[in-house]
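The lines below spell out each chain.
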Amino acid sequence: MKEFNYEIKDEQGIHARPAGLLVKEAKKFTSALTITKNGQTKKLTQLMMVMSLGVKKGEVVTIQADGEDEEAAIEALKAFFEQNL
Amino acid sequence: MLKLSGKSVYKGVVLGPVTVFRPQDQLVKRTKIEDPQSEILRLQEAVVHAQEQLKKLYDKAVKEVGEASAAIFEVHQMMLEDEDYLDAIHNMIQTELVNAEYAAAVTGDNFSQMFADMDDDYMKARAADVKDISNRLIRNLQGNADNGLDSDEPSIIVADDLSPSETVQMDKEKILGFVTIHGSTNSHTAILARMMNIPALIGVPMNLDELHNGMLAVVDGFSGEVVFEPDDQLRQAAHEKMKQEQEKLHLLQNLKDKENVTLDGRSIKIYANIGSVGDVGYVLENDAGGIGLFRSEFLYLGRNDFPSEEEQFQAYKQVAQMMGGKKVIIRTLDIGADKQADYFNLGREENPALGYRAIRICLKQPEIFKTQLRALLRAAAFGNISVMYPMITSTEEVTAIYDIVKEVQKELDENETPYKLPEQGVMIETPAAVMISDELAEMVDFFSIGTNDLTQYTLAIDRQNEKLDDFYKPHHKAILRMIQMVTDNAHKHGKWAGICGELGADTDLTEEFLRMGLDELSVAPSMVLKVRKAVRETDLSK
C-alpha cells in the first residue's frame, strides 16, 4: 500500500469540477484508491462522497492506493493534485 | 377548433404553433413493477440520453456564455456517472420493485439533502444540482423532452403557470406569446410579455393534456381569446389584425428622436425597465432616455449558484456602455420566497410579500450584498450608473446600507481597484417609506416609486392572488396621494422623483403625473413611445 499527504492550495478547495476530474483520473487505475480527511475515508471513485467531505483550502488530505498499479496511481494522483488543487 | 377566454395582460395578436410547457418539479407517482430488469434498462437509457443532452447544453453554453458558466453542465455529466447515486436507484428498483421515476426522485432527494446539510455555502448550493439531474432523468423516463423549448421554431408558450426562473431560461427570440391557466396581471409573466411586446393571456381554463406541441393557435390580446386549431377564416382574420398592429407600431416609430414635452412646454424623462443585458436592444429600439429600472435579480435566477462579482461587473458595465452615457439605474437584488433561486435556500414562507426579501436579505447576509456592491461600484467607473435599494421601510436601513457601501469602498481602495461612487436612491414601495419620505429625502439622491408593491401593501392585496384582481385598483386615491406626497418631499430637498411601476405606463394617468410634478417615468420598453405620444398630446395650461 502506498500513500501521500497533500495540503490543498486552491482557493475554492475540492469543489465540484476538480472533484469530477479527480474521480475521472482515479478510474484509470485498478487499485483501490481512497481519500481521507479528519478520519473520514471515501473511495476516490465516488464523486458525490468526495464532494461531501467539503475539503477547503489549507486542509490536509491523505490519498491511499492499494493494488497492482498502486505505484503508478500514486504518481499520477500526486501530479494531479499539484496541478489542479 | 377550441375557443377559450381569459384575461389579457398585453394587447396584441399572434398566430403560431404551440409549445406546452411542463414544470420542472413534476409529481412522480410510485407504482409497483413486475420486471426490475426492464425497469433498470429504462433507467440506463434515460441516463445515456441525459448525458447526450448535457453534452449539447455544455457546447451551447460555451458558445453563448463562455466556459466558466458552462462548467456546471460538465459537473452535471460527472454527477450522472456517480456510482453511489446510480447504485442507489438500481437497488431501490430491485429491492422495492418500484418504477424508475420514483426511485430517481427519492434518491435525488436523499443525495441533495446530504449537500443541503453541509455547513459550506458552496456545497449547500450543490443540492440544487443533484435535484436538477434527478429531474432530468425523470423527464427522460416520462418521455418529456427538455421542457419542449428546444424547438427551433418560435412558438406560443402554453403553461399552467410560469415562475420567473422558468421564464428567464427561455430563449426570448422563440416566444410568440403566453397563455397560462394561472397567474395574475401583475405576475412576472405579464411583465415579461409587456417587455417583449407580445400578447399574453392568463386565467385561461385549458386542459393541458388536450394540447400538444406544434398545434396552431391564435392568441388575441384585445378580446382576451385564444383559439386552438383555428379554421381558415380565423387564420385570415388573425393575419389581418397582425398587419394592422404592425402599421400602428410604424406610426409610433415617427416619434423616435422627438422630445417628451407637453404642448405647453413641460418636459419629463421617459426611461425603460429591463431585466437583463439582452433587453438593452429593446430600450435602444424604442428610444428610451435611459434605464429607470434594471432588475438585477434576473442575474441570480435560473442558475445553480450565485453570480460572481466578475460576472455581475461585466453585465453592469456592458449595459452602461451600450447605453453610451445615458442614465442606467440598477436596483440591487430584489429576491424573496415568491421569486427565488434554490441556492438561496430561502424556504417557503406563509407570507412571502411580507417576508425575508430584498434589502432584508442583503442586510442580514452582507456577503451577498457586498459582492453585488463591489460589482456595481466598479462598473460605475465605466458609465452613468445609479444604484437604488428596494423595500426600504426606515432611515436606519439606509444608514446600514451606507455603512456597508463604505466598507466596500475601503476594500476597493486597499486593492487599488478603480471604481466610482454612483448616485444612490431608494425605491418607495412601502407605505412606511411614503410616510417618512421627508426624512429619506435628506439621505438619498432620488426616489423611484415602485407602484406595484406600493399598491399591494397599501390596499392589502396579494399581487399573485388572481381572485383579488378585481379589488386591485391601481388608480386608488390613496396611491395617487402617496405619489404626490413623495414627489413633494423629494422636491423640497432638491431631489428628483420618478415612477418605475406598471402605473407609470398607464396613459390615462400621464397628465396627472405631469401635474404632480414627477421628473421621470420608467416603463416597459414597448410602452416608451406610447407614453411619449400621451405626453406630447397633453396641454397643462388648460
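Residues numbered from 1 in each chain as written. Chains lettered and ligands numbered in written order. Predicted model: local features only at pLDDT ≥ 70, side-chain atom pairs only at ≥ 80, totals over all residues.

Draft legend 1. Fine view of the overall build of chain B. On a plain count of helices and strands, chain B comes out with 19 helices and 16 strands. Across the 542 residues of chain B, 45% fall into the buried class. Sequence-distant contacts, at least 24 apart, represent 69% of the contacts inside chain B between residues at least 6 apart. (Helix = DSSP H or I, 4+ residues; strand = E, 2+ residues; numbered from the N terminus. Buried ≥ 20, exposed ≤ 12 C-beta atoms within 10 Å, placed from the backbone. Contact = placed C-beta atoms within 7 Å.)

Draft legend 2. Molecular detail of the overall build of chain A. For chain A, the helix and strand inventory stands at three helices and four strands. Each helix and strand of chain A, ordered N terminal to C terminal, gives the series β-α-β-β-α-β-α. Counting every position in chain A, which comprises 85 residues, the buried fraction comes to 42%. Excluding contacts between residues fewer than 6 apart, the proportion of contacts in chain A whose partners are at least 24 apart in sequence is 71%.

Draft legend 3. Representation of the interface of chain B and chain A in the model. With 16 residues of chain B at the interface, the matching set in chain A holds 13 residues. Counting residues per element, the ones that place at least two in the side of chain B that touches chain A are helix H2 (67-79), helix H3 (83-96), helix H4 (100-116) and helix H5 (121-141) of chain B. Considering each element in turn, the side of chain B that touches chain A owes the most residues, five residues, to H2 of chain B. Here the side of chain B that touches chain A is composed, by residue class, of ten nonpolar, no polar and six charged. (Nonpolar A, V, L, I, M, F, W, Y, C, P; charged D, E, K, R; others polar.)

Draft legend 4. Broad picture of the sheet that holds strand E1 (residues 2-7) of chain A. Residues and elements named next belong to chain A. Strands sit in the order E1-E4-E2-E3 across an open sheet of four strands; the sheet is antiparallel. In this open sheet, the two strands that pair with only one neighbour each are E1 and strand E3 (40-43). Pairwise comparison of adjacent strand axes, ignoring direction, gives a mean angle of 25 degrees for this sheet. With four bridges joining them, strand E2 (residues 32-37) and E3 adopt antiparallel strand pairing. Residue pairing in the sheet places lysine 37 in a bridge with glutamine 40 of E3. Contacts from helix H3 (residues 70-84) reach E1, E2 and strand E4 (60-66), with the element oriented near 5 degrees to E1. (Pairing = 2+ DSSP bridges. Axes fitted to C-alpha atoms, helices over the stretch in contact; angles between N-to-C directions.)

Draft legend 5. Inspection of the packing of helix H1 (residues 16-26) of chain A against H3 of chain A at higher detail. All names here are of chain A. Running from amino to carboxyl end, H1 crosses H3 at an angle of 165 degrees, the nearest separation of the two axes being 11 Å. Accordingly, the angle class assigned to the pair H1 and H3 is roughly antiparallel. Where H1 crosses over H3, the handedness of that crossing is right-handed. The residues of H3 that touch H1, namely those facing Pro18, Leu21, Leu22 and Glu25, are Ala76, Leu77, Phe80 and Asn84. Grouping the constituent residues of the contact of H1 with H3 by class yields six nonpolar, one polar and one charged. (Parallel < 35°, antiparallel > 145°, perpendicular 65-115°, else oblique. Left-handed = near helix turned anticlockwise from the far one by under 90°.)

Draft legend 6. Main features of the confidence of the model for chain B. Averaged over chain B, the pLDDT score is 89; the fraction of residues at 70 or greater is 94%. The ipTM, which scores confidence in the relative placement of chains, is 0.83 for this predicted complex, and the corresponding pTM is 0.64. (pLDDT = per-residue confidence, 0-100.)

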